[in-house]
Amino acid sequence: MQKKIRIGLLPRVIIAILLGLFLGYYLPAPAVRVFLTFNSIFSQFLGFMIPLIIIGLVTPAIAGIGKGAGKLLLATVVIAYVDTIVAGGLSYGTGTWLFPSMIASTGGAIPQIEKATELTPYFTINIPAMVDVMSSLVFSFIVGLGIAYGGLRTMENLFSEFKNIIEKVIEKAIIPFLPLYIFGVFLSMTHNGQARQVLIVFSQIIIVILVLHVLILVYEFCIAGAIVKRNPFRLLWNMLPAYLTALGTSSSAATIPVTLKQTEKNGVSNEVAGFVVPLCATIHLSGSAMKITACALAICLLTDLPHDPGLFIYFILMLSIIMVAAPGVPGGAIMAALAPLSSILGFNEEAQALMIALYIAMDSFGTACNVTGDGAIALAVNKFFGKKKDMSTLSNKIS
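I will try to describe carefully the structure that is included in this document. Values in this document were obtained by computation on a predicted structure and should not be read as measured data.

The rules behind the values
- Residues numbered from 1 in each chain as written.
- Predicted model: local features only at pLDDT ≥ 70, side-chain atom pairs only at ≥ 80, totals over all residues.
- Heavy atoms only, no water.
- Phe/Tyr/Trp six-rings, centres within 6.5 Å; stacked < 30°, edge-to-face > 60°.
- Helix = DSSP H or I, 4+ residues; strand = E, 2+ residues; numbered from the N terminus.
- Buried < 20%, exposed > 50% of the residue type's maximum accessible area, 1.4 Å probe, protein only.
- Lys NZ or Arg CZ within 6 Å of the ring centre and 35° of its normal.
- Polar contact = N/O pair within 3.5 Å; in protein donor to acceptor, adjacent residues only side chain to side chain.
- Contact = heavy atoms within 4.5 Å.

### Topic: the packing of aromatic side chains
Part 1: Here the structure, examined in full by the defined rule, presents nine aromatic pairs.
Part 2: Arranged with centres 4.9 Å apart and planes meeting at 80°, the rings of Phe35 and Phe183 form a pair that is edge-to-face. One end of the pair, Phe35, is in helix α2 (residues 29–66); the other, Phe183, is in helix α6 (residues 178–191), and 148 residues separate them in sequence.
Part 3: With a relative accessible area of 24%, Phe35 lands in the partly exposed category.
Part 4: Aromatic side chains Phe38 and Phe177 sit 6.1 Å apart centroid to centroid with 45° between the ring planes, which places their arrangement in the tilted category. Pair noted here: Phe38 is in helix α2 and Phe177 is in the loop between α5 (153–174) and α6, with a separation of 139 residues, a long-range link.
Part 5: The class of Phe177 is partly exposed, set by a relative accessible area of 38%.
Part 6: A connected cluster of aromatic rings, assembled from ring pairs, spans Phe38, Phe42, Phe177 and Tyr181.
Part 7: Positioned above the aromatic ring of Tyr122 is the side chain of Arg33, whose terminal nitrogen or guanidinium carbon lies 4.2 Å from the ring centre.
Part 8: The residue whose ring lies beneath Lys291 is Tyr359, and the NZ or CZ to ring-centre distance is 3.8 Å.

### As for the side chain of His213
Part 1: Mapped onto the elements, His213 comes out in helix α7 (residues 195–228).
Part 2: Polar contacts involving the side chain of His213 include one to the side chain of Tyr243, which spans 2.7 Å.
Part 3: Leave out the neighbours within four places in its chain, and His213 touches Tyr243, Met290, Phe365 and Cys369.

Function-wise, these values are silent; they only describe arrangement.
Printed below as a string of structure tokens:
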């Protein structure tokens with residue numbers, strides 16, 4: 001029996017972009033409008049799903065964290081959250097320094113299309129969201145904390161099952177259609193003469209992001225090395241197998257066994273490693289936050305959206321919370337991030353599609369940065385909690 005060949009999400013997105021760039025020059029306007037019609041309906045569906053994604057993923061995540069084990073849990077969560085915020089802030093600072101000149105060298109913002117000549121969908125379907133993004137986030141916090149501290153097993157099971165539904169919708173109904181969605185956006189942009197500038201900017205931004213993710217790992221292990229009084233670069237080198245595994249799998253969860261092994265090789269006790277590494281695979285997303293912040297800033301500059309420091313600080317703070325609940329499927333993190341992108345930064349359908357394409361193009365590098373940094377957090381936590389007698393009990397509670 002012949003083995004079925006499966007093409008991953010990244011190759012499909014790349015194929016979609018290339019086809020959009022090529023066919024945008026040759027397809028007539030009526031054919032382009034067919035794909036614009038699909039994009040219009042799909043973006044309405046995404047808008048409907050975003051608040052449900054927050055409720056379905058954030059609520060059980062907060063409920064699970066809230067049931068954890070005292071000071072060790074609190075220290076790990078705070079370190080992971082602060083590091084994620086710092087990575088986002090570093091990305092924003094670097095972007096405000098470099099991106100304006102990069103974009104100016106390509107001709108400035110994306111040229112606007114005259115309304116009279118702009119292509120429109122044949123029809124659209126309005127699918128309003130049941131609640132807005134901020135309401136869903138507040139609801140998730142209230143219910144999640146209520147479940148955690150009230151021991152509400154029935155509610156916990158309910159939201160656990162709801163999470164399964166949301167993850168299946170993302171995996172089966174959203175992710176598979178993303179390449180077609182991105183194809184439609186690049187098809188339209190090529191037809192309208194906007195694609196060339198976007199691609200030039202994208203190529204420059206990707207280089208900046210690759211350098212930034214190395215810088216993040218260096219400062220994480222320099223801090224951890226200073227805490228444990230060991231050579232940070234030797235510690236970072238020991239985490240290389242975890243980095244390469246994440247680079248190949250694009251999955252923090254799939255990399256956990258390798259991350260655990262290399263973290264213990266760095267001298268972290270197996271009890272602390274067994275607690276911190278699986279937890280950080282969920283809550284520590286410095287690489288992802290850095291990537292999303294950089295891409296978001298670039299798109300704001302390209303589309304003349306507001307991008308002042310106060311707005312982006314708020315965005316990074318909210319992004320770092322929402323990313324805790326990012327589902328463990330390729331492209332899942334950017335799905336969770338669409339909520340603050342649309343509600344805080346005002347991203348429309350086209351901006352969201354550009355964001356998805358740019359993020360997926362570098363998905364594995366963000367994951368590799370996340371899991372490798374987990375080893376640095378484990379070193380710091382082990383320094384302060386490694387000799388506690390109740391570590392095995394705490395580890396069992398997480399697993």
